[in-house]
Amino acid sequence: MSLLEKTPRTTRPAAPAAAREPRITDEHGRRVRPVELVLRYLLLLAVLALTVGPFLWQLSTSLKGPTEDIFSSPPSFLPAHPTLHNYERVADTIPVWDYALNSLKVASASVVTNCAGSALAGYALARLRYRGRRATTLVFVLAMLVPVEGIVIAQFTTMRELGLNNTLIGVVLPGAVGAMNVLLMRNAFRGLPYEIEEAAYVDGADAWQRFLRVALPSVRGTLAVVAIFAFMGAWDDFLWPLIVLSDPDRFTLTIGLNYLHGTFANDERLVAAGTVIAVAPLIALFACLQRYFFRGVGEGAVKG
């Protein structure tokens, strides 16, 4: 045995692995540079300030007492002595809860009619085979291009001929089924695999059974999107209720809040409190349906 074979081999200790720098990647696995990541967060913060900032300012103004200067320079964001007295004054100035109830009736009816009508029309455009289907889809697309101000006179004349002026039904009827909601439901139904309905058809299901038991449960996310859009549109609408309603007892909340400021009385604290009251139901609705909302946007907007 040679000397080299007799000498025991000594293994060198492995060099410590170099500490790897943490890699920041996007949703596609591509590396994002730190500078780019900082720019993204700055852009998100700027968008957040532009969208949420005005509401937070209104909320802060509504909580300020009568002795605080809301027009100070530099402005004071946080109220020194928060109070809910402004909300009590809103209820004393106008029947805000009656107006809110009228808005809730209009918005709830709009949600029901839009969800039912848009689901039926969207399923017919996406799944049924009949002559003129593409032309009908084009009509809904063109309807989105017509501004509301261009047809408001025709709508008012129609409501007057039907005897629905100064009624909440007259407020709901023109927006009972929105063209955009129909197209959202159409795209959601088109994204469903045809094999599912074919299997139901082989089992003897008719069109109504395939719609109610197969297709509709698969697009609940888009249906939630339609419900949110319909509620927001009806709750925030100001022009059409102002035109069709003349009895103060039937005013919606957006019209009733107009009484909080006028020529001889204009308290920004009351206006801010009324604004927060009007926005609160929308925030609550979105908080309850946000899970279905983000899923539904993907269902109804990816495929066309």
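Structure first, text after, so check above.
The rules behind these values
- Residues numbered from 1 in each chain as written.
- Predicted model: local features only at pLDDT ≥ 70, side-chain atom pairs only at ≥ 80, totals over all residues.
- Heavy atoms only, no water.
- Core = buried A, V, L, I, M, F, W, Y, C linked by side-chain atoms within 4.5 Å.
- Buried < 20%, exposed > 50% of the residue type's maximum accessible area, 1.4 Å probe, protein only.
- Helix = DSSP H or I, 4+ residues; strand = E, 2+ residues; numbered from the N terminus.
- Contact = heavy atoms within 4.5 Å.
- Phe/Tyr/Trp six-rings, centres within 6.5 Å; stacked < 30°, edge-to-face > 60°.
- 1 Å grid on protein atoms, 1.4 Å probe; cavity = no way out; pocket = protein on both sides within 12 Å on 5 of 7 lines; lining within 4 Å.
- Points joined across faces, edges and corners; volume = space filled by probe spheres on them.
- Nonpolar A, V, L, I, M, F, W, Y, C, P; charged D, E, K, R; others polar.
- Polar contact = N/O pair within 3.5 Å; in protein donor to acceptor, adjacent residues only side chain to side chain.
- Salt bridge = Lys/Arg side-chain N within 4 Å of Asp/Glu carboxyl O.
- Expected span 1.5 Å × (residues − 1).
- Bend = angle between axes of the 7 residues up to and from the residue.
- Axes fitted to C-alpha atoms, helices over the stretch in contact; angles between N-to-C directions.
- Parallel < 35°, antiparallel > 145°, perpendicular 65-115°, else oblique.
- Left-handed = near helix turned anticlockwise from the far one by under 90°.
- Arc of directions from axis to C-beta.

A. Highlighting the nonpolar core. By size, the foremost hydrophobic cluster in this structure holds 45 residues, and its most contacted members are Val90, Ile94, Phe189, Trp235 and Leu253. In terms of residues, this core owes the most to one element, helix H4 (residues 96-127), which gives ten residues. Setting aside residues up to four positions removed in sequence, Trp235 forms contacts with Ala100, Ser103, Leu104, Ala107, Leu253, Thr254, Ala278, Pro281 and Leu282.

B. Main features of the packing of aromatic side chains. Applying the stated criterion across every chain, the model contains eight aromatic pairs. Judged by centre distance (6.1 Å) and plane angle (40°), the rings of Trp57 and Phe77 are tilted. Here Phe77 lies in the loop between helix H2 (34-62) and helix H3 (85-93) and Trp57 lies in helix H2, a separation of 20 residues in the sequence. In this structure Trp57 comes out as partly exposed when scored by relative accessible area, which is 30%.

C. Layout of the layout of surface pockets. Of the volumes computed, that of the largest pocket is approximately 910 Å³. Lining the largest pocket are 27 residues; nearest its centre among them are Val148, Pro174, Gly175, Val177 and Gly178. Where the lining of the largest pocket is concerned, the elements lending two or more residues are H4, helix H6 (148-161), helix H7 (168-172), helix H8 (179-190), helix H11 (220-236) and helix H12 (239-244). Of the residues in the lining of the largest pocket, the class split is 19 nonpolar, seven polar and one charged. The computed volume of the second largest pocket comes to approximately 160 Å³.

D. Structural view of the side chain of Thr61. Within the fold, Thr61 resides in helix H2. Exposure remark for Thr61: the relative accessible area of 4% places this residue in the buried category. Only 2.9 Å separates the side chain of Thr61 from the backbone oxygen of Trp57, close enough to count as a polar contact. In this structure, Thr61 is in contact with Ile70, Asn86, Glu268, Arg269 and Ala272, ignoring residues within four places of it in sequence.

E. Representation of empty space enclosed by the protein. Using the criterion set out here, one finds one cavity of 30 Å³ or more in the structure. Taken as a whole, the largest cavity holds about 30 Å³ of empty space. Around the largest cavity sit Arg127, Leu192, Pro193, Ile196, Glu197, Val214, Ala215 and Ser218, which together line it. Listed by contribution, the elements that provide at least two residues to the lining of the largest cavity are helix H9 (194-202) and helix H10 (207-218). When the residues that make up the lining of the largest cavity are grouped by side-chain class, the tally is five nonpolar, one polar and two charged.

F. Up close: the pattern of salt bridges. Overall, the coordinates contain four salt bridges when judged by the stated rule. Here Glu197 and Arg127 are joined by a salt bridge, their closest N and O atoms 3.0 Å apart. Of this pair, Glu197 sits in helix H9 while Arg127 sits in helix H4; the two residues are 70 residues apart in sequence, bridging distant segments of the chain. With respect to class, Glu197 is no different from Arg127; both count as buried. Arg250 is the salt-bridge partner of Asp247, the closest N and O atoms lying 3.1 Å from each other. The exposure class of Asp247 is partly exposed, given its relative accessible area of 24%. Taking the relative accessible area as the measure of exposure, Arg250 reaches 33% and is therefore partly exposed.

G. Up close: H6. With 14 residues, H6 ought to run about 20 Å at 1.5 Å a step, and its terminal C-alpha atoms sit 20 Å apart, in line with that. Of all the bends in H6, the greatest measures close to 25° and is centred on Ala154. Those residues of H6 that are buried are in contact with H7 and H12. Phi for Gly163, located one or two positions after H6, is positive at around 75°.

H. Looking closely at the packing of helix H5 (residues 133-143) against H8. Packing of H5 against H8 leaves a shortest axis separation of 8 Å and a crossing angle of 135°. The angle between H5 and H8 falls in the class oblique. The handedness of the crossing between H5 and H8 is left-handed. Judged by residue contacts, Thr137, Phe140, Val141 and Ala143 of H5 engage Ala179, Val182, Leu183 and Arg186 from H8. Counted by class, the contact of H5 with H8 contains six nonpolar, one polar and one charged residues.

I. H10, seen in detail. Across its twelve residues, H10 extends 16 Å between first and last C-alpha, which sits within 8% of the 16 Å expected from 1.5 Å per residue. Residues of H10 that are buried: Arg210, Phe211, Val214 and Ala215. Along the axis of H10, the buried residues cluster in a sector spanning 130°; they form a single face. Exposed and oriented more than 90 degrees from the buried face of H10 are Trp208 and Arg213. On its buried face, H10 is in contact with H4, H8 and H9.

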